[in-house]
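# Results of the structural survey
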Amino acid sequence: MASYCMTVSRLRLVLGDGARRLHISAALSAKSKVAMSRFEANSAVGYEKLLNNISIVRKRLNRPLTLSEKIVYGHLDDPVGQEIVRGRTYLRLRPDRVAMQDATAQMAMLQFISSGLPKVAVPSTIHCDHLIEAQIGGAEDLQRAKEVNQEVYNFLATAAAKYGVGFWKPGSGIIHQIILENYAYPGVMLIGTDSHTPNGGGLGGICIGVGGADAVDVMAGIPWELKCPNVIGVKLTGTLSGWTSPKDVILKVAGILTVKGGTGAIVEYHGPGVDSISCTGMATICNMGAEIGATTSVFPYNHRMKTYLEKTERKEIAQLADEYKECLIPDPGCQYDQLIEINLSELKPHINGPFTPDLAHPVSEIGAAAQKNGWPLEVKVGLIGSCTNSSYEDMGRAASLAKQALDRGLKCKAQFTVTPGSEQIRATIERDGYAKVLRDVGGVVLANACGPCIGQWDRRDVKKGEKNTIVTSFNRNFTARNDANPATHAFVTSPEIVTALAIAGTLNFNPETDYLTDGTGEKFKLVPPTGDELPSRDFDPGEDTYQHPPEGGSVRVDVNPQSNRLQLLEPFQKWDGKDLEDMQVLIKVKGKCTTDHISAAGPWLKFRGHLDNISNNLLIGAVNIDNDAVNKVKNQLTGEFGGVPDVARFYKANNLQWVVVGDENYGEGSSREHAALEPRHLGGRAIIVKSFARIHETNLKKQGLLPLTFSDPRDYDKIRPDDKISITGLKSFAPGKPLTAVLKHADGSSESIVLNHTFNETQIEWFQAGSALNRMKEIQH
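Residues numbered from 1 in each chain as written. Predicted model: local features only at pLDDT ≥ 70, side-chain atom pairs only at ≥ 80, totals over all residues. Heavy atoms only, no water.

### Digging into the state of the cysteines
Cysteine pairs can be covalently joined through their sulfur atoms, and such a bond is termed a disulfide. In total, this model carries zero disulfides according to the counting rule given. With no disulfide of its own, Cys286 lies 8.6 Å from the sulfur of Cys207, the closest cysteine sulfur. Cys286 gets classed as buried once you look at its relative accessible area, which sits at 0%. Here Cys453 is not cross-linked by a disulfide; its sulfur's nearest cysteine counterpart is in Cys387, at 5.6 Å. Judged by its relative accessible area of 5%, Cys453 is buried. (Disulfide = S-S within 2.5 Å. Buried < 20%, exposed > 50% of the residue type's maximum accessible area, 1.4 Å probe, protein only.)

Take a look at the structure:
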């Protein structure tokens, strides 16, 4: 499969990675025509390799394969010798591509620079979407971001040019929409430094969110390790219609599986209901699969994907996918580890929240639930767009509702914002009139960027601490995520429901049954939304925002030692060969602790390239079980209370190593590896919890930390906030062999508990070397 991807890359090298913007059928230069013929001649070889690897593995396992197994095992480094046991063995894989968003790309590229390698080994891209703050409107916010982030953008652009990475400039759009429009295709394996990379599963690819260190491995040409996923099947029957949208499928699944129910598994959708969902709708479902902890999600190749490929000027790929369709659908009789069935004809519109994306409610019941629980009924702001729901179809369906309101003399009672997913979407909805309708109903069209979804929102209509409700078509709604206000009750739903609730101005409105009152006092119901899956005309590509890495020549990459935005990395210290003795408990975390709690985004995004500065947000959102306070822990050396990062720095300055103790699903949410880099930088050595989210556990291992879990979850209660902890057994550290923690209490008593881990032999070498990057350098030398 890698050869197929490299062929696609060669085609794009001539046409530009933005080549999709061009009409491939139009007149091409002689050089381009040669590239095209080479593409047509060689690309089948890649699918043939995928087919061959699948045949080898199927014969070895002697059973039918699921679709996700086909694509994952089809990318094995050694399909003949690789041990394959779902949920147990680690697979060595060869992904086709790497994609990085600008907030995580900074640290990923700093690590790649540290590796000493001259060029990336696989096609890779950087996407500028995270550093643009929503404040006034698209054009103004974009210009401001370019000025404020000039140093970072220049670093990313020059580093990309020097090391052979494509660069999508600010304003190009959100990484996942750009990938869907340009790089995803049926059967691809792509890793991305963002947790919503699974969006590409809507186009039949296995697209997985990872930390930057994983991306560095792949860019360095090293096989990438992934624990062999279990497979959860979701069988869809019936047909979507009326107010029900693709978003409702994943909102329903989230309610069933919860935020950790998909951990260690790929969610594979199948069944006759799949054909009633558009390609971009399938992407929506896969995107939000991150919220159930899934490794990724995927749909089988079908005519909806073929149409999307053709509309985005990738007809040749669609033809190949047709030819090799057997690789891109599950085998009859394949077995899933868990099976969920959803009848789309019976599925009702859903809205999930507040404060967690798995608290699912039918829209018809949310008003009553809000009244019962004391959630504010008034909708202050409705926000549509984001990487989850910003397709042409999404915008069209929202606009159809907005037009109905306008025709009856109404505008939104709530504030209303619109975030296009890409420059192509923005330009096309402007051309086709959707943007005007959404503005006329009261909307503000923001920049083609993440914006409020990740906390890049200069919100001024409520004060911090003021209780209020917002509804979004985003994917996450953790406490304070969108606007840094812990009292904001955020609910996630479809763009259609967001638009309806913004028009009504209240959660206590079910558009399927309830009436609005128009400007003349007449009552009316909104007709269910409609919208074209794809534009009848071709997409308008808008402004060209892509920079291809130059061929040959030298590019200088500068990092100013005085910068407060960027900082070259120093290697972490190697393990000294001894057990970790008398480590202080820095904080015992109570309840949910996401990567937002561990390393907040929003205003902190500006420091994502400067490890020491961003470490000042370490665990400032986590609740301390000792006092139920946030960012207030006792310094056991002084007896005084201070902020978590301040106390961590004090311990480090006094050569006192420390540990964090946590609860279930620790580190859920974003893929940000800063949540692992920061504790390592400030002197942490181990994170001991009841269970981990997949990406965060791997990130901790990559940085030389010990992510450990209680053999008996009740042992969490044995640890006291002022304990000293020793971890023993490290001299004989081995896969599958538990470690022991000795808890030394302040009263002089002590007790031992058993800690489990999921390290394999390679990962143990990371720990011993001090980090995965250190180990990479050792191997090179």
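On we go from here.
### What to know about the layout of surface pockets
Where empty space is left becomes clear once a probe the size of a water molecule has been rolled over the atoms. There is about 1,000 Å³ of room inside the largest pocket. Lining of the largest pocket is provided by 41 residues; of these, Ala480, Ala484, Ala600, Ala601 and Pro603 occupy positions nearest its centre. When residues of the lining of the largest pocket are traced back to their parent elements, those giving at least two are α5 (138-148) and α18 (595-598). A total of three residues in the lining of the largest pocket trace back to one element, the largest contributor, which is α5. Classifying every residue of the lining of the largest pocket by side-chain character gives 19 nonpolar, 10 polar and 12 charged. Every residue lining the second largest pocket is counted, 37 residues in all, and those nearest its centre are Tyr90, Lys227, Thr698, Lys701 and Gln763. Per-class residue counts for the lining of the second largest pocket are 12 nonpolar, 13 polar and 12 charged. (1 Å grid on protein atoms, 1.4 Å probe; cavity = no way out; pocket = protein on both sides within 12 Å on 5 of 7 lines; lining within 4 Å. Points joined across faces, edges and corners; volume = space filled by probe spheres on them. Helix = DSSP H or I, 4+ residues; strand = E, 2+ residues; numbered from the N terminus. Nonpolar A, V, L, I, M, F, W, Y, C, P; charged D, E, K, R; others polar.)

### Remarks on the sheet that holds strand β32 (residues 750-756)
Taken in spatial order, the seven strands line up as β22-β27-β28-β29-β32-β31-β30 and close into a barrel, and their pairing is mixed. Direction aside, neighbouring strands of the sheet carry axes that sit 40° apart on average. As paired strands, strand β28 (residues 684-689) and strand β29 (residues 706-710) are joined by four bridges and run parallel to one another. Considered in β29, the bridge of Val689 is made with Thr709. Against the sheet, helix α20 (residues 644-653) makes contact with β22 (580-588) and β27 (658-661), and its axis sits at roughly 165° relative to β22, the strand it touches most. (Pairing = 2+ DSSP bridges. Axes fitted to C-alpha atoms, helices over the stretch in contact; angles between N-to-C directions. Contact = heavy atoms within 4.5 Å.)

### Points about the packing of aromatic side chains
Taken as a whole and judged by the stated rule, the model has 14 aromatic pairs. Taking 6.4 Å as the distance between ring centres and 90° as the angle between the ring planes, the aromatic pair formed by Tyr392 and Phe539 counts as edge-to-face. With Tyr392 in helix α14 (residues 392-407) and Phe539 in the loop between β20 (523-524) and β21 (546-547), the pair connects residues that are 147 residues apart, well separated along the chain. In this pair, the class of Tyr392 matches that of Phe539, namely buried. Each member of the aromatic cluster is reached from another via a ring pair, and the members are Trp575, Phe733, Phe759 and Phe767. Sitting over the face of the ring of Tyr163, Lys162 holds its NZ or CZ atom 5.9 Å from the ring centroid. (Phe/Tyr/Trp six-rings, centres within 6.5 Å; stacked < 30°, edge-to-face > 60°. Lys NZ or Arg CZ within 6 Å of the ring centre and 35° of its normal.)

### Some points on the pairing of strand β31 (residues 739-744)
Alternating positions in β31 separate cleanly, Leu739, Ala741 and Leu743 being buried on one face and Thr740, Val742 and Lys744 remaining unburied on the opposite face. Where strand β30 (residues 724-728) lies against β31, five bridges are found, and the strand directions are antiparallel. Following the sheet pairing, Ser726 is matched in β31 by Val742. Between β31 and β32, which pair antiparallel in sequence order, lie five residues; one of them, Gly748, sits at a positive phi of approximately 95°.

### Let's talk about the nonpolar core
Leu236, Tyr269 and Phe299 are the most contacted members of the largest nonpolar core, which has 169 residues in total. For Tyr269, the residues in contact, after removing those within four places along its chain, are Val234, Leu236, Val249, Ile250, Val253, Val274, Ile285, Ser297, Val298, Phe299 and Pro300. (Core = buried A, V, L, I, M, F, W, Y, C linked by side-chain atoms within 4.5 Å.)

### Quick notes on the pattern of salt bridges
Throughout the structure, instances matching the rule amount to 43 salt bridges. The partner of Arg58 in a salt bridge is Glu326, and the shortest N-O contact between them spans 3.0 Å. Of the two residues, Arg58 is situated in helix α2 (residues 30-61) and Glu326 in the loop between α12 (315-323) and β11 (338-343); the sequence distance between them amounts to 268 residues. A relative accessible area of 22% places Arg58 in the partly exposed class. (Salt bridge = Lys/Arg side-chain N within 4 Å of Asp/Glu carboxyl O.)

### Some points on the packing of helix α11 (residues 303-311) against α12
Between two packed helices, both the angle of their axes relative to each other and the distance between the axes serve to describe the pair. Direction vectors running N to C along α11 and α12 enclose 155°, while the axes themselves pass 7 Å from each other. Here α12 runs roughly antiparallel to α11, going by the angle between their axes. On the side of α11, the interface is formed by Lys306, Leu309 and Glu310, while α12 contributes Lys315, Ile317, Ala318 and Asp322. Its residues assigned to classes, the contact of α11 with α12 comprises three nonpolar, no polar and four charged. (Parallel < 35°, antiparallel > 145°, perpendicular 65-115°, else oblique.)

### Examining the packing of α14 against helix α17 (residues 495-504)
Where α14 contacts α17, the two axes come as close as 8 Å, and the packing angle between them is 25°. As far as their axial angle goes, α17 and α14 are roughly parallel. Two packed elements cross with a definite hand, and for α14 against α17 that hand is right-handed. Of the residues in α17, those touching α14 at Asp394, Arg397, Ala398, Leu401, Ala402 and Ala405 are Pro495, Glu496, Thr499 and Ile503. (Left-handed = near helix turned anticlockwise from the far one by under 90°.)

### What to know about α20
Within α20, the full set of buried residues consists of Val644, Pro645, Val647, Ala648 and Tyr651. With its buried residues spanning 160° around the axis, α20 presents them on a single face. In this structure, the buried side of α20 is in contact with β22, β25 (633-634), β26 (641-642) and β27. Of the residues one or two after α20, Asn655 is the one with positive phi, at around 55°. (Arc of directions from axis to C-beta.)

### Re the confidence of the model for the protein
Of all residues in the protein, 94% attain a pLDDT of 70 or more, and the chain-wide mean is 93. Of the regions scoring below 50 in pLDDT, residues 1-42 engages in 82 contacts with residues more than four places distant in sequence or in other chains. (pLDDT = per-residue confidence, 0-100.)

### Some remarks on unusual backbone geometry
The omega torsion of the bond from Gly353 to Pro354 falls at 0°, within 30 degrees of zero and hence cis. Relative to the helices and strands, Pro354 is located in the loop between β12 (350-352) and β13 (360-362). At Ala480, a position not held by glycine, the phi torsion is positive, near 65°. Along the chain, Ala480 falls in the loop between β17 (468-472) and β18 (488-492). What makes Ala480 partly exposed here is its relative accessible area of 25%. Even without glycine at this site, Asp582 takes up a positive phi of about 50°. As for its placement among the helices and strands, Asp582 is situated in strand β22.

### Things to note about the sheet that holds strand β3 (residues 124-127)
Across the sheet, six strands lie side by side as β6-β5-β2-β3-β4-β21; this open sheet has mixed pairing. Two strands close off the open sheet at either side, each with one partner strand: β6 (206-209) and β21. Bridge count between strand β5 (residues 189-192) and β6: four bridges; the pairing is parallel. Bridge assignment links Met189 to a residue of β6, and that residue is Ile206. In the packing of helix α6 (residues 150-163) onto the sheet, contacts are made with β3, β4 (166-168) and β21, and the angle to β4 comes to roughly 155°. Its contacts with the sheet put helix α7 (residues 175-182) on β2 (97-101), β3, β4 and β5, and the angle it makes with β2 is roughly 150°.

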